[in-house]
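Tertiary structure, described
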Amino acid sequence: MLEDKNQERTSLEKLGEFGLIDHLTKNFKLNHKSTVKGIGDDAAVFDHTEKTVLTTDLLIEGVHFDLSYMPLKHLGYKAVMVNLSDVYAMNATATSITVSLAVSNRFPLEALEELYAGIALAAKVFNVDLIGGDTTSSTSGMLISITAIGEAKEEEITYRSGAKPNDLLVVSGDLGAAYMGLQVLDREKEVFKVNPNNQPDLSPYSYIVERQLKPEARKDIVELLKEMEVLPTSMIDISDGLSSEILHLCKSSKVGCNLFEEKIPLDPTVISACEEFNVDSTMVALSGGEDYELLFTISQNDFDKIKGNPSLTVIGHMTDEREGAYLVTRGNTKIELTAQGWNSFNSDN
């Protein structure tokens, strides 16, 4: 959390807008045949043989990230993940991204090089091309806008609206870790403000902190489902909390749901962190958000294909719309699901 006051700082004014773009993007290579023209013209050109999928997200300093504990390289990586996750939630393959950036004059060139190092790492690991973007000045802080583009066969695109009663509700990975990682980071920030010489020991929380600072979009799950020959009937990524996403599926598909508390996958470090912070682990999974796992429904006929896979957990089933959406507790009590996840317009966030 301590900032190196002696690091070299190069003013962005020395490069100008186009010089800055050239400098930050000079090492990005194009890998997809669909990318006809990337950076360097008035617009990018791409030629997809399949259906095109497009999504965009805006990240604002002080609202979506805190640079007192978010390293810029991690921020660049995470900003890409947020968008790729939405592409994978359509059961599509991500092919390219654009990156637009607004920064105040407190950021030197070296800071933006770190940010773009994270973007470059994400692009390399997930095999996407950087094909354009923009840079401009900001009166305060940093703003990042990334657009992700993907492609998929028309018959494989998965919407939120295809779930049917009796479909199984499945989630990848485990839930709640990103939220608890944020709680740890916020706590240590407050300790640091009181005593700047006190460096936190985050090693006991490495898993949950990493899930907050460096999430991984679940491209592997999309590939796994294709290998299993399982086509989800509906799908969404978990960015705003499990309960909110389930309700999105229910609304779009016009179905209800029974979610079983005992089936919600929780990592042991999440459970222990919840005990330490005196919060309920089920509520954390339901409302925490930023897990970027995939939540989807499948036909019961496909259950045997996914049964026993350590990356997937059946957590419930869809019902008739008139039955509503409920959490079935460990005590076999039914509680109506409510959307209490992240809301960017909530002043309490």
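Structure: see above.
Each value, and the rule that gives it
Residues numbered from 1 in each chain as written. Predicted model: local features only at pLDDT ≥ 70, side-chain atom pairs only at ≥ 80, totals over all residues. Heavy atoms only, no water. Helix = DSSP H or I, 4+ residues; strand = E, 2+ residues; numbered from the N terminus. Buried < 20%, exposed > 50% of the residue type's maximum accessible area, 1.4 Å probe, protein only. Contact = heavy atoms within 4.5 Å. Areas by Shrake-Rupley, 256 points an atom, 1.4 Å probe, with all protein chains shown as cover. Expected span 1.5 Å × (residues − 1). Axes fitted to C-alpha atoms, helices over the stretch in contact; angles between N-to-C directions. Parallel < 35°, antiparallel > 145°, perpendicular 65-115°, else oblique. Nonpolar A, V, L, I, M, F, W, Y, C, P; charged D, E, K, R; others polar. Core = buried A, V, L, I, M, F, W, Y, C linked by side-chain atoms within 4.5 Å. Phe/Tyr/Trp six-rings, centres within 6.5 Å; stacked < 30°, edge-to-face > 60°. Lys NZ or Arg CZ within 6 Å of the ring centre and 35° of its normal. Salt bridge = Lys/Arg side-chain N within 4 Å of Asp/Glu carboxyl O. Pairing = 2+ DSSP bridges.

A tally of helices and strands in the protein chain yields 10 helices and 13 strands. Here the protein chain, with 349 residues, has 47% of them falling under the buried criterion. When contacts within the protein chain are restricted to residue pairs at least 6 apart in sequence, those whose partners lie at least 24 apart make up 86%. Carbon and sulfur atoms make up 48% of the accessible area of the protein chain, which amounts to about 17300 Å² in all.

Turning to helix H7 (residues 242-253), a few remarks are in order. Given a rise of 1.5 Å per residue, 12 residues ought to cover 16 Å, and the 16 Å separating the end C-alpha atoms of H7 matches this to within 8%. Buried residues of H7: Leu 242, Ser 243, Ser 244, Glu 245, Ile 246, Leu 249, Cys 250 and Ser 253, and no others. Count one or two residues on from H7 and you reach Lys 254, which has phi positive near 55°.

We now examine the packing of helix H4 (residues 177-194) against helix H5 (residues 206-213). Interaxial distance between H4 and H5 falls to 7 Å at its minimum, and their mutual angle equals 100°. The orientation of H4 with respect to H5, classified from their angle, is roughly perpendicular. Taken together, the residues of H5 that come into contact with H4 (itself represented by Ala 177, Ala 178, Met 180, Gly 181, Leu 182, Val 184 and Leu 185) are Tyr 207, Ile 208, Val 209, Arg 211, Gln 212 and Leu 213. Across the contact of H4 with H5, the residue classes break down as 10 nonpolar, two polar and one charged.

A separate point is the nonpolar core. Among the nonpolar cores identified, the biggest contains 88 residues, and Leu 84, Ile 97, Met 142, Leu 242 and Leu 295 are the most heavily contacted of them. With nine residues, helix H2 (residues 72-88) is the single largest residue contributor to this core. Not counting chain neighbours up to four residues away, the residues in contact with Leu 84 comprise Ala 94, Ile 97, Phe 126, Val 128, Ala 148 and Ala 217.

A separate point is the packing of aromatic side chains. Per the counting criterion, the structure on display carries one aromatic pair. The ring centre of Tyr 77 lies 4.2 Å from the NZ or CZ of Lys 214, which sits over that ring.

A few words on the pattern of salt bridges. In the structure shown here, the tally under the stated rule is 17 salt bridges. Here Glu 156 ties to Lys 226 by a salt bridge, and the two come within 3.9 Å at their closest N and O atoms. Within this pair, whereas Glu 156 is found in the loop between strand S6 (142-152) and strand S7 (168-172), its partner Lys 226 is found in helix H6 (residues 219-228), the two being separated by 70 residues in sequence. Judged by its relative accessible area of 23%, Glu 156 is partly exposed. According to the relative accessible area criterion, Lys 226 is partly exposed, its value standing at 36%. Residue Arg 211 pairs with Asp 291 through a salt bridge whose shortest N-O separation is 4.0 Å.

So, about the sheet that holds strand S8 (residues 234-237). Spatially, S8-S10-S7-S11-S9-S12-S13 is the arrangement adopted by the seven strands of the open sheet, whose pairing is mixed. Across the chains shown, the open sheet's two edge strands, defined by having one partner strand only, are S8 and strand S13 (334-336). Between one strand axis and the next, the sheet turns by 25° as a mean value, whatever way the strands run. The pairing of S7 with strand S11 (residues 312-320) spans five bridges and is classified as antiparallel. Pairing of Val 170 across the sheet is with Val 314, part of S11.

With that settled, the discussion passes to the sheet that holds S6. Spatially, S3-S6-S4-S5 is the arrangement adopted by the four strands of the open sheet, whose pairing is mixed. Each edge of the sheet is formed by a strand with only one pairing partner; in this case those strands are strand S3 (51-60) and strand S5 (129-137). Across this sheet, the average inter-strand angle for adjacent strands is 15°, counted without regard to direction. By the bridge criterion, eight bridges tie strand S4 (residues 93-103) to S5 in an arrangement that is parallel. By the bridge assignment, Ser 100 is partnered in S5 with Asp 134.

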